[in-house]
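# Results of the structural survey
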Amino acid sequence: MTFLPISINIVHKKILLVGGGKVAYQKLKGLLPFTNDITVLAPDIIDEINNYSNIIKITDGYKADYLTGFYLVYACTDNPDLNKKVLEDSENLGILCNRTDKAEASHFHSPALVENDQFWIAINSKKKNPKALLQFREKLRLFLNGMKE
């Protein structure tokens, strides 16, 4: 295992999503329960993201200058070369970056989450097997929902 499973407080921390498509939308939905200090940067941003009025949207192409001041960055484009560049630029600035297209190259992973009234449980897969991870998450969700206090 090469990744340390930790939890990070991102309240009042600026988060940047580079990319404005479906992958960025999924990341956005996962982040919103924890912070709304989120910026989406992309030349084109899908309506699902544009419908959120509480986040900043920048309709422009990626430039390394946009990284300044961010705590975490997600490279969510459908362009592997651009995602690699975002990761490299982030690393040069000491900013943690997640590449959604190449988990093993990322500085961190965003786990699948399961919650009930008592717990947040974060699940990461040791191998890139999203289907198995989602199946396990659903089984864990059913188990937690069946727990009595």
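Here, every reference points to the structure presented above.
An account of the accompanying structure is given in this report. Per chain, the residues get numbers from 1 upward, laid out in the order the sequence is written. In view of the model being predicted, local features appear only for residues whose pLDDT reaches at least 70, and side-chain atom pairs are presented and counted only at 80 or more, with totals across whole chains, interfaces and linings using the full set of residues. As a convention, hydrogens and water are excluded, and side-chain values are obtained from all of the structure's heavy atoms.

## What to know about the pattern of salt bridges
- The salt bridge definition used is simple: a Lys or Arg side-chain nitrogen within 4 Å of an Asp or Glu carboxyl oxygen. With the rule as written, the count across this model stands at four salt bridges.
- The closest approach of N and O atoms between Asp-101 and Arg-99, which form a salt bridge, is 3.0 Å.
- Here Glu-138 and Arg-141 are joined by a salt bridge, their closest N and O atoms 3.3 Å apart. On the criterion of helical spacing, the pair formed by Glu-138 and Arg-141 is a turn pair, its members being three residues apart in helix α4 (residues 130–146).
- When accessible area is computed with a 1.4 Å probe and restricted to protein chains, residues below 20% of their type maximum are described as buried, those above 50% as exposed, and intermediate ones as partly exposed. You can call Glu-138 partly exposed: its relative accessible area is 38%. Note on conventions: DSSP H or I runs of at least 4 residues are helices, E runs of at least 2 residues are strands, and numbering of each starts at the N terminus.

## With respect to the nonpolar core
- Remark: nonpolar core denotes a set of buried residues (Ala, Val, Leu, Ile, Met, Phe, Trp, Tyr, Cys) joined through side-chain atoms within 4.5 Å. Of all hydrophobic cores here, the largest spans 17 residues; its most connected members are Ile-15, Leu-17, Leu-31, Ile-38, Ile-49 and Tyr-74.
- If you list the elements that add at least two residues to this core, you get β1 (15–18), α1 (22–31), β2 (38–41) and β4 (72–75).
- Take this core: its biggest share by element is four residues, from α1.
- Those residues in contact with Tyr-74 that sit more than four places away from it in its chain are Ile-15, Leu-16, Leu-17, Val-18, Lys-27, Leu-31, Asn-98, Phe-108 and Ser-110.
- If you look at the next biggest cluster of nonpolar residues, it comprises twelve residues, including Leu-16, Val-18, Tyr-62 and Val-73. Any two residues having at least one pair of non-hydrogen atoms within 4.5 Å are treated as being in contact.

## Side note on the sheet that holds strand β5 (residues 96–99)
- At least two bridges found by DSSP between two strands is the condition for calling them paired. Taking strand neighbours across the sheet as the criterion, the five strands line up as β3-β2-β1-β4-β5 in an open arrangement whose pairing is parallel. Edge positions in the sheet fall to β3 (56–58) and β5, since each has one partner strand and no second. Geometrically, the sheet is characterised by an average inter-axis angle of 20° between neighbouring strands, direction not taken into account.
- Pairing of β2 with β3, which is carried by three bridges, proceeds in the parallel orientation. For helices, the fitted axis covers only the stretch in contact; all axes are lines through C-alpha atoms, and the angles between them, taken along N-to-C directions, range from 0 to 180 degrees.

## Focus: the packing of aromatic side chains
- To pair, rings of Phe, Tyr and Trp, with the six-membered ring standing in for Trp, must have centres within 6.5 Å; the planes then decide the type, stacked if under 30 degrees apart, edge-to-face if over 60, and tilted in the middle. All told, the structure shown has two aromatic pairs when counted by the stated rule.
- Each ring, one from Tyr-74 and one from Phe-108, has its centre 5.3 Å from the other, and the planes form 85°; the classification is edge-to-face. A residue pair is termed long-range when its members are at least 10 positions apart, and Tyr-74 in strand β4 and Phe-108 in the loop between β5 and β6 (112–115) qualify at 34 residues.
- Look at NZ for Lys and CZ for Arg. If either is within 6 Å of the ring centre and within 35 degrees of the ring normal, a charge sits over the ring. The positively charged end of Lys-13 is found above the aromatic ring belonging to Tyr-71, 5.3 Å away from the centroid.
- Directly above the aromatic system of Phe-70 lies the positively charged group of Lys-14, at a separation of 4.8 Å from the ring centroid.

## Topic: the environment of Glu-115
- Within the fold, Glu-115 resides in strand β6.
- Its relative accessible area of 44% is what places Glu-115 among the partly exposed residues.
- For the pair Glu-115 and Leu-144, spaced 29 residues apart in sequence, the C-alpha separation works out to 7.8 Å.

## As for the pairing of β2
- Of the two faces of β2, the one lined by Ile-38 and Val-40 and the one lined by Thr-39 and Leu-41 are each fully buried.
- Examined bridge by bridge, β1 and β2 share four bridges and lie parallel to one another. From the neighbouring strand, Ile-15 faces β2, where its bridge partner is Ile-38.
- Every crossover in which the path from the first strand over the helix to the second runs clockwise, viewed with the strands pointing away from the viewer, is termed right-handed. In the classification by handedness, the crossover that spans β1, the intervening α1 and the parallel β2 is right-handed.

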